[in-house]
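Below are the chains, spelled out letter by letter.
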Amino acid sequence: MKLLDNCLLTLAVIGCIVWGLIGFFQFNLVSFMFGDGSWLTRIIYALVGLSGLYIISFYGRIRSTLDD
């Protein structure tokens, strides 16, 4: 479980960096590296989105750790 948490957290951080680059510099690193609208780009965005949804569960685990 810890390996999955670390991998998905890393994907979410990469997603944050990509959004930061888009917001500050209007530069999409994923599209630059893999092509605009390619199937690989869409897979990367989907994985980052799913990792973000999974990371929501961290709130419940943090809360249960604090209650112990």
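Please refer to the structure placed before this passage.
Residues numbered from 1 in each chain as written. Predicted model: local features only at pLDDT ≥ 70, side-chain atom pairs only at ≥ 80, totals over all residues. Heavy atoms only, no water.

**Comments concerning the overall build of the protein chain**
Looking only at helices and strands, one finds 4 helices and 0 strands in the protein chain. Mapped in sequence order, the helices and strands of the protein chain form the string α-α-α-α. Scaling as 2.2 N^0.38, a compact globule of 68 residues should have a C-alpha radius of gyration of about 11 Å, whereas the protein chain reaches 15 Å, well beyond that. A principal-axis box enclosing the C-alpha atoms of the protein chain has dimensions of 45 × 25 × 15 Å. Taking all 68 residues of the protein chain together, the buried fraction comes to 19%. Partitioning the contacts of the protein chain with sequence separation of at least 6, the portion at a separation of at least 24 is 47%. Carbon and sulfur atoms make up 73% of the accessible area of the protein chain, which amounts to about 5500 Å² in all. Here the protein chain carries 4 positive and 4 negative side-chain charges, and the mean point of each set is 3 Å from the other. (Helix = DSSP H or I, 4+ residues; strand = E, 2+ residues; numbered from the N terminus. Rg over C-alpha atoms; globule rule 2.2 N^0.38 Å. Buried < 20%, exposed > 50% of the residue type's maximum accessible area, 1.4 Å probe, protein only. Contact = heavy atoms within 4.5 Å. Areas by Shrake-Rupley, 256 points an atom, 1.4 Å probe, with all protein chains shown as cover. Lys, Arg positive; Asp, Glu negative; His and termini not counted. Charge placed at Lys NZ, Arg CZ, Asp CG, Glu CD.)

**Points about the pattern of salt bridges**
With the rule as written, the count across this model stands at 1 salt bridge. Taking the shortest distance from any N to any O, the salt bridge between Asp 5 and Arg 61 comes out at 2.6 Å. In this pair, Asp 5 sits in helix α1 (residues 2–25) while Arg 61 sits in helix α4 (residues 57–67), placing the two residues 56 residues apart along the sequence. Note on Arg 61: relative accessible area 28%, which makes it partly exposed. (Salt bridge = Lys/Arg side-chain N within 4 Å of Asp/Glu carboxyl O.)

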